[in-house]
Amino acid sequence: MPYRRIERIAAEQTSIPTYTALRLAKYFRTTPEFWMNMQASFDLKTEEIALRSELELIREIDRAA
């Protein structure tokens, strides 16, 4: 795996694609799901920050009704 790819992932300049998750899992003796879940968690948190004001405008469903 190119050093530059790891450098860009660590600098949050690019995401972890599936083929990289498979390679990292093999190297670190983990699972690809570990790396993909880490990426999904990062994506969700980043997007939540970006959409914060818009999300605040969404009314939640009334479960009591």
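Rules used in this analysis
- Along each chain, the written sequence defines residue order, and numbers are assigned to residues from 1.
- It should be noted that, the model being predicted, local features are given only for residues of pLDDT at least 70 and side-chain atom pairs only at 80 or more, the latter also being counted only at that level, while totals for whole chains, interfaces and linings use all residues.
- Computation of side-chain values covers all heavy atoms of the structure but excludes hydrogens and water.
- A pairing counts as a salt bridge when a side-chain nitrogen of Lys or Arg comes within 4 Å of a carboxyl oxygen of Asp or Glu.
- Labels follow the DSSP assignment, with helices taken as runs of H or I lasting at least four residues and strands as runs of E lasting at least two, numbered in each case from the N terminus.
- Classification of residues uses two cut-offs on accessible area relative to the type maximum, computed with a 1.4 Å probe and protein chains only: under 20% is buried, over 50% is exposed, and between them is partly exposed.
- For this analysis, a nonpolar core means a set of buried residues of the types Ala, Val, Leu, Ile, Met, Phe, Trp, Tyr and Cys, connected via side-chain atoms within 4.5 Å.
- Only heavy atoms enter the contact rule, under which two residues are in contact if any of them lie within 4.5 Å.
- The rule is short: rings of Phe, Tyr and Trp, with Trp giving its six-membered ring, pair when the centres are within 6.5 Å, and they are stacked under 30 degrees, edge-to-face over 60, tilted in between.

(A) Seen up close, the pattern of salt bridges. Going through the model one piece at a time under the given rule, you end up with one salt bridge. Across the pair Glu7 and Arg4 runs a salt bridge, and its minimum N-O distance is 2.4 Å. With Glu7 and Arg4 both in helix 1 (residues 3-10) and three residues apart, the pair spans about one turn of that helix.

(B) Up close: unusual backbone geometry. The backbone of Glu12 sits at a positive phi, close to 60 degrees, despite the residue not being glycine. In this structure, Glu12 sits in the loop between helix 1 and helix 2 (18-28). A relative accessible area of 57% places Glu12 in the exposed class. Of note in the backbone geometry, Arg29 takes a positive phi value of approximately 60 degrees without being a glycine. Tracing the backbone shows Arg29 in the loop between helix 2 and helix 3 (32-50). Using a relative accessible area of 79% as the deciding quantity, one classes Arg29 as exposed.

(C) Geometry of the nonpolar core. Formed by Ile9, Ile16, Ala21, Leu24, Ala25 and Trp35, the largest nonpolar core amounts to six residues. In terms of residue count, the dominant contributor to this core is helix 2 (three residues). Setting aside residues up to four positions removed in sequence, Ala21 forms contacts with Ile16, Pro32, Trp35 and Met36.

(D) Structural view of the side chain of Thr20. Within the secondary structure layout, Thr20 lies in helix 2. Each residue touching Thr20, except ones within four places of it in the same chain, is listed here: Met1, Arg5 and Ile9.

(E) Here's a closer look at the environment of Met38. Structurally, Met38 is set in helix 3. Separated by 17 residues in the primary sequence, Met38 and Ala21 have C-alpha atoms spaced 10.0 Å apart.

(F) Region of the structure containing the packing of aromatic side chains. Summed over all chains, the structure comprises three aromatic pairs. Judged by centre distance (4.9 Å) and plane angle (90 degrees), the ring pair of Tyr27 and Phe28 falls under edge-to-face. Tyr27 gets classed as exposed once you look at its relative accessible area, which sits at 66%. Take Phe28: its relative accessible area is 47%, and that puts it in the partly exposed class. Taken together, the aromatic side chains of Tyr27, Phe28, Phe34 and Trp35 make up a single cluster linked through ring pairs.

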